[in-house]
Amino acid sequence: MGMAVWWILVWYQHQRMNDRPELLFQEYESQLNEYASRLTTGEVISVDGRGYGIPQYLIDHGAKSCTKHGNCFCIWFYQYLDNPTPQLWYSPDGFDPMPVEISNKKRGGYSEWIPLAQKWAALYD
């Protein structure tokens, strides 16, 4: 019985992070920092129309693409119907002042900005 409960808890933890960049960041912060380092140094390949390669742990939690905007990178998650699109943003220079790429996005309609660390934030837009 104890093992079954453990598996249910592991499954639940995995499921609750899907499409929730702020929860994903808490769990994978060190891996995300490594990925960001590889993005900024050009080690991750970008394909026209598809964006940058994404690590499997992000795909497993609903990430669908990674794109570059100025010097910022955005990891996009799946959007459901009329819900805001979950996004995980990385800015090598931080968010103070707010990069133009993000401040332009936040001007239209509903958006929720969640700072996660000096160089990371979640955006629901």
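For the structure itself, look to the data block above.
In this report, the structure presented in the accompanying data block is examined. Every value quoted in this text rests on a predicted model; they were computed, and no experiment measured them.

### Description of the overall build of the chain
Now for step 1: The number of helices and strands found in the chain is 4 helices and 7 strands.
Now for step 2: Expressed as a percentage of its 125 residues, the buried residues of the chain come to 37%.
Now for step 3: At a minimum sequence separation of 6, the contacts of the chain that also span at least 24 residues come to 43%.
Now for step 4: Total accessible area computed for the chain in this model is approximately 7600 Å², and 53% of it derives from carbon and sulfur atoms.

### Some thoughts on the sheet that holds strand 5 (residues 86–90)
Now for step 1: Within the open sheet, the 5 strands sit side by side as 3-4-5-7-6. Their pairing is antiparallel. The outermost strands of the open sheet, each flanked by one partner alone, are strand 3 (63–69) and strand 6 (112–117). If you compare each strand with its neighbour and ignore which way they point, the axes differ by 20° on average.
Now for step 2: Its contacts with the sheet place helix 2 (residues 21–40) against strand 3, strand 4 (72–77), strand 5, strand 6 and strand 7 (120–124), and it is angled at close to 120° to strand 7.

### Notes on the layout of surface pockets
Now for step 1: Here the largest pocket defines a volume of roughly 160 Å³.
Now for step 2: Along the walls of the largest pocket sit Ile45, Val47, Arg50, Gly51, Tyr52, Gly53, Ile54, Ile59, Ala63 and Lys64, which together make up its complete lining.
Now for step 3: For the lining of the largest pocket, the secondary-structure elements that each account for two or more residues are strand 2 (51–52) and strand 3.
Now for step 4: The residue inventory of the lining of the largest pocket, partitioned by class, reads 6 nonpolar, 2 polar and 2 charged.

### So, the nonpolar core
Now for step 1: Ranked by size, the top nonpolar core spans 20 residues in total, and within it Leu32, Tyr35, Leu58, Cys66 and Ile75 carry the most contacts.
Now for step 2: Of all the secondary-structure elements, those providing two or more residues to this core are helix 2, helix 3 (56–59), strand 3, strand 4 and strand 5.
Now for step 3: No other element matches the 7 residues that helix 2 contributes to this core.
Now for step 4: If we skip the residues at most four places from it in the chain, Cys66 touches Tyr35, Leu39, Gly51, Tyr52, Ile54, Phe73, Cys74 and Ile75.
Now for step 5: Cys72, Cys74, Trp89 and Phe95 belong to the second-largest nonpolar core, a separate cluster that totals 8 residues.

Criteria and cut-off values
- Residues numbered from 1 in each chain as written.
- Predicted model: local features only at pLDDT ≥ 70, side-chain atom pairs only at ≥ 80, totals over all residues.
- Heavy atoms only, no water.
- Helix = DSSP H or I, 4+ residues; strand = E, 2+ residues; numbered from the N terminus.
- Buried < 20%, exposed > 50% of the residue type's maximum accessible area, 1.4 Å probe, protein only.
- Contact = heavy atoms within 4.5 Å.
- Areas by Shrake-Rupley, 256 points an atom, 1.4 Å probe, with all protein chains shown as cover.
- Pairing = 2+ DSSP bridges.
- Axes fitted to C-alpha atoms, helices over the stretch in contact; angles between N-to-C directions.
- 1 Å grid on protein atoms, 1.4 Å probe; cavity = no way out; pocket = protein on both sides within 12 Å on 5 of 7 lines; lining within 4 Å.
- Points joined across faces, edges and corners; volume = space filled by probe spheres on them.
- Nonpolar A, V, L, I, M, F, W, Y, C, P; charged D, E, K, R; others polar.
- Core = buried A, V, L, I, M, F, W, Y, C linked by side-chain atoms within 4.5 Å.

Geometric descriptors of this kind do not, in isolation, establish any biological role.
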